[in-house]
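# Structure at a glance
Residue-level listing of the chains:
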Amino acid sequence: MEQPVKILGFVGSLRKGSYNKALMRAAVELVPEDAKIEVFDLEGIPLLNQDLENQPPQIVRDFKAKIRSADALLIASPEYNYSVPGVLKNAIDWASRPYGDNAFEGKPAAIMSASIGSLGGARAQYHLRQSFVFLDMYPLNRPEVMMSFAEDNVDAEGNVTNEQTKQLIRELLEALVHWTRKLKDKPQ
Ligand SMILES: Cc1cc2nc3c(=O)[nH]c(=O)nc-3n(C[C@H](O)[C@H](O)[C@H](O)COP(=O)(O)O)c2cc1C
C-alpha cells in the first residue's frame, strides 16, 4: 500500500471560537483513509523582524520543519479587510525567509475559508493564491471551500453542521491527495 499523504494544516485565526478552526476540525475528521492531517497552531509566532531572519525563533524553526516534512498543506483562513489576515501572512512571511530558504517551495496546497459575510472569504483566498506564485507552490484549484454566513453553519461546540460544506471539504481533501500523488509521480 502507498504511504499516507501527510498534510500539514494551519489556521489564520487565533480566536477560540473561530469558524475557520471549525473548518480545520471538520477536515481532520473527514480526511480520507490514505492521508492524515496534523495541525500547527500559529499562536505565539512573533511579528517578523528581518534582522532575525537568519536566527528565527524556535516556533518558526518548528513551523518550517513541519512544512518541509509535509507532503501537502491545508490552510483555513478568514478574510480581514478584503485580504489575508496578518496572523497568516506573518507566519507565511517567516517561513519563506531568508531568501533561498523558502519552506513552501514546490508544496501542493489547498485553501478553505469561512466568513460571517456572504462571500465566504473569497477575496482572501485569491490574495493568498497571489503569494503562492512567488512562493512557487502548487495550489489546488477546485473545489473551492468558502463558507459564508458561518455563524449559521457551525454549532456552539465548533462543529460544522452544514452537510454541503462537509461534502465539499471531503471532495477538497480527496482532490488534494490526488493532486499531491500526481505531483510526486511527475518525472523530474
Ligand atoms: C479585522 C477584521 C476584518 C474583517 N474583514 C472582513 C472582510 O474583509 N470580509 C469578511 O467577509 N469578513 C471580515 N471580517 C469578519 C470575519 O469574517 C469574522 O470575524 C470571522 O468570524 C473571522 O473568522 P474566524 O471566525 O475564523 O475568527 C473581519 C473581521 C475582522 C476582525
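For every chain, the first residue of its written sequence is number 1, and the numbers climb from 1 along that sequence. The predicted nature of this model means local features are confined to residues of pLDDT at least 70 and side-chain atom pairs, given and counted, to a pLDDT of 80 or more, with totals for whole chains, interfaces and linings taken over all residues. The side-chain values count all of the structure's non-hydrogen atoms but skip hydrogen atoms and water molecules.

Our focus in this paragraph is the pattern of salt bridges. Oppositely charged side chains can form a pair if their charged atoms are brought close together. A side-chain nitrogen of Lys or Arg and a carboxyl oxygen of Asp or Glu constitute a salt bridge if their distance falls within 4 Å. Enumeration over the complete set of coordinates arrives at ten salt bridges. Between D101 and K64 there is a salt bridge, and its shortest N-O distance comes to 3.0 Å. With a gap of 37 residues between them, D101 in the loop between α3 (86-95) and β4 (108-114) and K64 in helix α2 (residues 58-69) connect regions that are remote in the sequence. Partly exposed describes any residue whose relative accessible area lies between the buried limit of under 20% and the exposed limit of over 50%, with all areas from a 1.4 Å probe on protein chains only and scaled to the type maximum. Relative accessible area serves as the criterion here: at 29%, D101 is assigned to the partly exposed category. Strands are runs of DSSP state E lasting at least 2 residues, helices are runs of H or I lasting at least 4, and numbering of each runs from the N terminus.

As a further point, take the site of the ligand. Near residues are defined by distance, with any heavy atom within 4 Å of the molecule or strand qualifying the residue. S13, R15, S18, Y19, N20, P78, E79, Y80, N81, Y82, S115 and I116 make up every residue found near the ligand. Here a polar contact is recorded for every N or O atom pair within 3.5 Å, except that within protein the pair must consist of a potential hydrogen donor and a potential acceptor, and residues adjacent in sequence are included only if both atoms are side-chain atoms. Separating a nitrogen atom of the ligand from a side-chain N or O atom of E79 is a distance of 2.8 Å. In this structure, N81 approaches the ligand through a main-chain N or O atom, which is 2.8 Å from a nitrogen atom. In isolation the ligand exposes 620 Å². Once the protein is present, 74% of that is buried. Following the grouping adopted for this structure description, the nonpolar residues are Ala, Val, Leu, Ile, Met, Phe, Trp, Tyr, Cys and Pro, the charged ones are Asp, Glu, Lys and Arg, and the polar ones are all others, Gly among them. Looking at the shell around the ligand, its residues break down into five nonpolar, five polar and two charged. Each accessible area is a Shrake-Rupley estimate made with a 1.4 Å probe; only the visible protein chains count as cover when residues are assessed.

Pairing of aromatic rings covers Phe, Tyr and Trp, the last through its six-membered ring, and needs centres within 6.5 Å; plane angles under 30 degrees mean stacked, over 60 mean edge-to-face, and all others mean tilted. Summed over all chains, the structure comprises two aromatic pairs. Every member of this aromatic cluster is reached through a ring pair, and the members are F10, F40 and F63. Seen from the ring of Y19, R15 lies directly overhead, with NZ or CZ sitting 5.2 Å from the centre. Lysine and arginine charges are scored as sitting over a ring when NZ or CZ, respectively, is within 6 Å of the ring centre and within 35 degrees of the ring normal. Between R123 and the ring centre of Y82, over which it is positioned, the NZ or CZ distance is 3.6 Å.

Counting buried positions along β4 gives seven out of seven residues, so the element sits mostly inside the fold. Burial along β4 is two-sided: P108, A110, M112 and A114 and A109, I111 and S113, pointing in opposite directions, are all buried. Here, any two strands with at least 2 DSSP bridges between them count as paired. As defined by bridge partners, strand β3 (residues 72-77) adjoins β4 across five bridges and the pair is classed as parallel. Paired with A76 across the strands is M112, a residue of β4. The handedness of the β3 to β4 crossover, carried by α3, is right-handed. Alignment of β4 against strand β5 (residues 138-139), held across two bridges, turns out to be parallel. By convention, orient the strands away from the viewer: a clockwise path from the first strand over the helix to the second makes the crossover right-handed.

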